[in-house]
Amino acid sequence: MVRNVEVYEKRALELIKQTEGILQSELWKLLGLDSREGSRIVLRLARKGIIRREQVVINGRKTYRLFPAEPTDRKKLNIIVDIGSILDIPCVVCPYIDECGEGGFYSPESCRLIDEWVHGR
Ligand code: SF4
């Protein structure tokens, strides 16, 4: 495999940004990589959403022209967070929450409600 993937990815991205649309075979040549190694670098960058590939036909052969990704090209990351376990925390409805704090009269360290909630009583 490629000697130092991160170095090649960084250099490839620089070249793609500079050229604003380079053929992938030109990129491999500039990087000094063969087509197998070059394809891997390009696919890694594309999977990360850093570059965009556009299929083109050059001399009757299909290839790709590579562009820096626009913010709209980036894949959205959906994260599902389960907050069910903290919805019943007593602090949510506590009338003293604004006065509560470490070392204060109202404090999580001495709060009976929190203690009961944590220990499931
Ligand atoms: S720790 Fe206790 S006193 Fe403080 S906000 Fe939560 S429930 Fe209220």
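What counts and how
- Numbering of residues begins from 1 in every chain and follows the order in which that chain's sequence is written.
- Predicted model: local features are reported for residues with pLDDT of at least 70 only, side-chain atom pairs are reported and counted for 80 or more only, and whole-chain, interface and lining totals are derived from all residues.
- As a rule here, side-chain values come from all non-hydrogen atoms in the structure, and water together with hydrogens is ignored.
- Working definition: residue near molecule or strand if any one of its non-hydrogen atoms lies within 4 Å of it.
- By the convention adopted, Pro, Cys, Tyr, Trp, Phe, Met, Ile, Leu, Val and Ala count as nonpolar, Lys, Arg, Asp and Glu as charged, and the other residues, Gly among them, as polar.
- Numbering goes from the N terminus for both helices and strands, where a helix is a DSSP run of H or I of at least four residues and a strand is a run of E of at least two.
- Between the first and last residue of a helix there are one fewer steps than residues, each counted as 1.5 Å, and that sum is the expected span.
- Pairs of residues are marked as contacts when any of their non-hydrogen atoms sit within 4.5 Å.
- UniProt positions are given in the numbering used here, feature names are shortened, and annotations may be inferred rather than shown by experiment.
- Here a salt bridge means any side-chain nitrogen of Lys or Arg lying within 4 Å of a carboxyl oxygen belonging to Asp or Glu.
- Only protein chains enter the calculation, and the probe is 1.4 Å; a residue is then buried if its accessible area is under 20% of its type maximum, exposed if over 50%, and partly exposed in between.
- Between any two strands, at least two bridges found by DSSP are needed for them to pair.
- Angles run from 0 to 180 degrees between N-to-C directions of axes, and those axes are lines fitted to C-alpha atoms, restricted for helices to the stretch in contact.
- We call Phe, Tyr and Trp rings a pair once their centres come within 6.5 Å, taking the six-membered ring for Trp, and we label the pair stacked below 30 degrees between planes, edge-to-face above 60, and tilted otherwise.
- Either the NZ atom of lysine or the CZ atom of arginine qualifies as a charge over a ring when it sits within 6 Å of the ring centre and within 35 degrees of the ring normal.

1. Observations concerning the site of the ligand
Item 1. Every residue lining the ligand is accounted for by Cys91, Cys94, Ile97, Cys100, Pro108, Cys111 and Ile114.
Item 2. In the shell around the ligand, the residues fall into seven nonpolar, no polar and no charged.

2. Comments concerning helix α1 (residues 5-19)
Item 1. Relative to the 21 Å expected for 15 residues at 1.5 Å per residue, α1 spans 21 Å between its end C-alpha atoms, a close match to the ideal helical length.
Item 2. Residues of α1 that are buried make contact with β1 (22-23), α2 (24-31), α3 (35-47), β2 (51-58) and β3 (61-68).
Item 3. One or two positions beyond α1, positive phi appears at Glu20, with a value near 50 degrees.

3. A word on the UniProt feature "domain: HTH marR-type" (unreviewed entry) in the chain
Item 1. Mapped onto the present numbering, the UniProt feature "domain: HTH marR-type" (unreviewed entry) falls at residues 11-62.
Item 2. Split by type, residues 11-62 is 58% helix and 23% strand. Its first and last C-alpha atoms lie 24 Å apart.

4. What about the pattern of salt bridges?
Where charged atoms from two side chains of opposite charge approach closely, those side chains can pair.
Item 1. Tallied over the full model, the rule gives five salt bridges.
Item 2. Between Glu9 and Arg44 there is a salt bridge; the shortest N-O distance is 2.4 Å. Here the residue Glu9 occupies a position in helix α1, and Arg44 occupies one in helix α3, the gap between them amounting to 35 residues.
Item 3. Residue classification places Glu9 among the buried positions, given a relative accessible area of 7%.
Item 4. Overall, the relative accessible area of 31% leaves Arg44 in the partly exposed class.
Item 5. A salt bridge links Glu9 to Lys48; its shortest N-O distance comes to 2.7 Å.

5. Regarding the sheet that holds β2
Item 1. Reading across the sheet, the three strands line up as β1-β3-β2 and stay open at both edges, with antiparallel pairing between neighbours. The open sheet terminates on both sides in strands that have one partner only, identified here as β1 and β2.
Item 2. Relative to β3, β1 runs antiparallel, the two sharing two bridges. For Ile22, the partnering residue across the bridge sits in β3 and is Leu66.
Item 3. Sheet contacts for α3: β2 and β3; angle to β2, the most-contacted strand, approximately 130 degrees.

6. Details of the packing of aromatic side chains
Item 1. With the rule as written, the count across this model stands at two aromatic pairs.
Item 2. Geometrically, the ring pair formed by Tyr96 and Tyr106 is stacked, given 4.1 Å between the ring centres and 10 degrees between the ring planes. Here the residue Tyr96 occupies a position in the loop between β3 and α4 (112-118), and Tyr106 occupies one in the loop between β3 and α4, the gap between them amounting to ten residues.
Item 3. Since its relative accessible area comes to 26%, Tyr106 is described here as partly exposed.
Item 4. Pairing Phe105 with Tyr106 gives two aromatic rings, centres 4.9 Å apart and planes at 90 degrees, and the pair type is edge-to-face.
Item 5. Here the aromatic cluster, defined as three or more aromatic residues joined through ring pairs, consists of Tyr96, Phe105 and Tyr106.
Item 6. The ring of Tyr64 carries Arg53 above its face, with NZ or CZ at 4.0 Å from the centroid.

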